[in-house]
2 protein chains.
Amino acid sequence: MKYSQATDYALHAMLYLVASAPDKPVGVQQLAEKLGVSPTYLSKLMTKLVKAGLIVSTPGANGGYRLRKAQDEISFLHVIQAIEGTASLLECSLDHGDECLIQQVVLDAERQMEQLLASKKLVDVARRLPATD
Amino acid sequence: MKYSQATDYALHAMLYLVASAPDKPVGVQQLAEKLGVSPTYLSKLMTKLVKAGLIVSTPGANGGYRLRKAQDEISFLHVIQAIEGTASLLECSLDHGDECLIQQVVLDAERQMEQLLASKKLVDVARRLPATD
DNA sequence: GCTATTATAGATACATAAAGTCCTTAATGG
DNA sequence: CCATTAAGGACTTTATGTATCTATAATAGC
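No experiment lies behind these values; they were computed from the predicted model shown.

Colleague: Residue-level account of the overall build of chain A, with values.
Modeller: Secondary structure assignment for chain A yields 6 helices and 2 strands. At a minimum sequence separation of 6, the contacts of chain A that also span at least 24 residues come to 65%.

So, in structure tokens, the structure goes:
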């Protein structure tokens, strides 16, 4: 089990936005170059982040993406769930009457991980970067 | 991101073995019927569990699978990793010099989840079952 | 030793999702 | 009006999971 590569791109793109000037939008062209991805593909990921309410996009000249919330409000979990969705790790395929006890255990573990990912903000990582990278 | 369905099957199969008599092997036929899955497919999953050292198989008449270790030594993590592997959730696709800080955060979260999955034993769940199901 | 039983392994087929491209449309600034 | 930039749909390619079938090997019981 792995996160999709798209999640990796999204996290790096968001980190770049967090480290950038908050008022000036960043274009997908510029982002794609930094990440080494095709602009058209990255564009689709950015649209997901827009729909998740993490960033705002402005089309047209000098347009691009900028954060929607304050830097310190954006957690790793926000970005990851925007790309991966929020479905549970394990869906029980059996039909034993009530809730599956196995699934309950996995759900607990999942929540444990999510708790940490929610507490980690992108800006925490951005502060430890040498420059705008 | 989700665990494969195979992981769900494996967890249920192992739970069944834990709840069964420890000396009498259980055949894949019997297991497959309980789980509602094809025997040939389940067989491949069981072989993975054998290679992971969780169970032992004996071919031939009255053969089948039985636990290799004591009941209370088998954790959820053992089974999950036997099927899913142990690769990290996130591989950074960029080539920024040293280790990726983003990956470090995800790795921390992953370890958090694994810690809980390692502490949960299958036998804990088996005890809460109404019968051998 | 012979036979039935049962796990193992390889080849193959199918479905689904991820990864990526191309083209069109829509919106904004100058 | 025009250049720029995001959004969206259609499509291709590739990889992985799911599943089946067949053949092989090993074991128990007679």
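Colleague: Lay out the interface of chain A and chain B with the relevant residues and their values.
Modeller: Facing 34 residues of chain A, the contacting portion of chain B comprises 34 residues. The set of elements that each furnish at least two residues to the side of chain A that touches chain B consists of helix H1 (5-19), helix H4 (76-84) and helix H5 (101-119) of chain A. With 10 residues, H5 of chain A is the largest single contributor of residues to the side of chain A that touches chain B. Residue classes in the side of chain A that touches chain B are distributed as 19 nonpolar, 7 polar and 8 charged.

Colleague: Run through the nonpolar core, naming residues and quoting values.
Modeller: Ala-10 and Met-14 of chain A together with Ala-10 and Met-14 of chain B are the most contacted members of the largest nonpolar core, which totals 70 residues. In this structure, Met-14 of chain A is in contact with Leu-49, Leu-54, Ile-74, Val-79 and Leu-122 of chain A, ignoring residues within four places of it in sequence.

Colleague: An account of the relation of the copies chain A and chain B is needed here, citing residue identities and associated values.
Modeller: Superposing chain A onto chain B takes a rotation of 180° combined with a translation of 0.0 Å along the rotation axis, leaving an RMSD of 0.0 Å. This pairing of chains is accounted for by a two-fold axis. Of every C-alpha in chain A, the one belonging to Met-113 of chain A sits nearest the axis of rotation, 2.5 Å from it. A shared binding surface is used by both copies, with 100% of the interface residues of chain A retained as interface residues in chain B.

Colleague: Before we move on, could you go through the protein's contact with DNA strand C and cite the residues and values that matter?
Modeller: Taken together, the neighbourhood of DNA strand C is formed by 26 residues, with Ser-4, Gln-5, Ser-38 and Gly-60 of chain A together with Ser-57 of chain B sitting nearest. Of all the secondary structure elements, the ones that give two or more residues to the surface near DNA strand C are H1 and helix H3 (39-51) of chain A together with helix H2 (28-35), helix H3 (39-51) and strand E2 (64-67) of chain B. The element contributing the most residues to the surface near DNA strand C is H3 of chain B, with 5 residues. Considered class by class, the residues forming the surface near DNA strand C number 10 nonpolar, 16 polar and no charged.

Colleague: Break down the protein's contact with DNA strand D for me, citing the residues and quoting the values.
Modeller: Around DNA strand D, the structure places 27 residues, and the nearest of them are Ser-57 of chain A together with Ser-4, Gln-5, Ser-38 and Gly-60 of chain B. Sorting the residues of the surface near DNA strand D by element identifies helix H2 (28-35), H3 and strand E2 (64-67) of chain A together with helix H1 (5-19) and H3 of chain B as the ones contributing at least two each. The element that contributes the greatest number of residues to the surface near DNA strand D is H3 of chain A, accounting for 5 residues. For the surface near DNA strand D, the class distribution of residues is 11 nonpolar, 16 polar and no charged.

Colleague: Hey, could you go over the pairing of strand E1 (residues 55-58) of chain B for me, with residue numbers and the actual values?
Modeller: All names here are of chain B. In terms of strand pairing, E1 meets E2 through 4 bridges, oriented antiparallel. Within E2, the residue paired with Val-56 across the bridge is Arg-66. Between E1 and E2, which pair antiparallel in sequence order, lie 5 residues; one of them, Gly-60, sits at a positive phi of approximately 85°.

Colleague: Break down the packing of H1 of chain B against H2 of chain B for me, with residues and values.
Modeller: Residue and element names in this part refer to chain B. Contact pair H1 / H2: the axes reach a minimum separation of 10 Å and the direction vectors enclose 120°. In this structure, the crossing between H1 and H2 has a hand that is right-handed. In this structure, H1 contributes Tyr-9, His-12, Ala-13 and Tyr-16 to the contact, and H2 contributes Leu-31, Lys-34 and Leu-35.

Colleague: Before we move on, can you summarise helix H4 (residues 76-84) of chain B with the specific residues and values?
Modeller: Among all positions in H4 of chain B, only Phe-76, Val-79, Ile-80, Ala-82 and Ile-83 of chain B are buried. Burial along H4 of chain B is one-sided: seen end-on, the buried residues are contained in an arc of 160°. Residues of H4 of chain B that are buried in the fold lie against H5 of chain A together with H1, H3, helix H5 (101-119) and helix H6 (122-126) of chain B. Looking at the residues trailing H4 of chain B, positive phi occurs at Gly-85 of chain B, about 85°.

Colleague: Got a sec to walk through H5 of chain A? Specific residues and values, please.
Modeller: With 19 residues, H5 of chain A should cover 27 Å at 1.5 Å per step; its first-to-last C-alpha distance of 28 Å lies within 8% of that length. Among all positions in H5 of chain A, only Ile-102, Val-105, Val-106, Ala-109, Met-113 and Leu-117 of chain A are buried. Along the axis of H5 of chain A, the buried positions cluster into a sector of 120°, meaning they face one direction only. Exposed side chains of H5 of chain A directed beyond 90 degrees from the buried face belong to Arg-111 and Ser-119 of chain A. Among the structural elements, H4 of chain A together with H1, H4, H5 and H6 of chain B are those in contact with the buried residues of H5 of chain A.

Calculation criteria
- Residues numbered from 1 in each chain as written.
- Chains lettered and ligands numbered in written order.
- Predicted model: local features only at pLDDT ≥ 70, side-chain atom pairs only at ≥ 80, totals over all residues.
- Helix = DSSP H or I, 4+ residues; strand = E, 2+ residues; numbered from the N terminus.
- Contact = placed C-beta atoms within 7 Å.
- Nonpolar A, V, L, I, M, F, W, Y, C, P; charged D, E, K, R; others polar.
- Core = buried A, V, L, I, M, F, W, Y, C linked by C-beta atoms within 7 Å.
- Buried ≥ 20, exposed ≤ 12 C-beta atoms within 10 Å, placed from the backbone.
- Least-squares fit on C-alpha atoms with pLDDT ≥ 70 in both.
- Near = placed C-beta within 6 Å.
- Pairing = 2+ DSSP bridges.
- Axes fitted to C-alpha atoms, helices over the stretch in contact; angles between N-to-C directions.
- Left-handed = near helix turned anticlockwise from the far one by under 90°.
- Arc of directions from axis to C-beta.
- Expected span 1.5 Å × (residues − 1).

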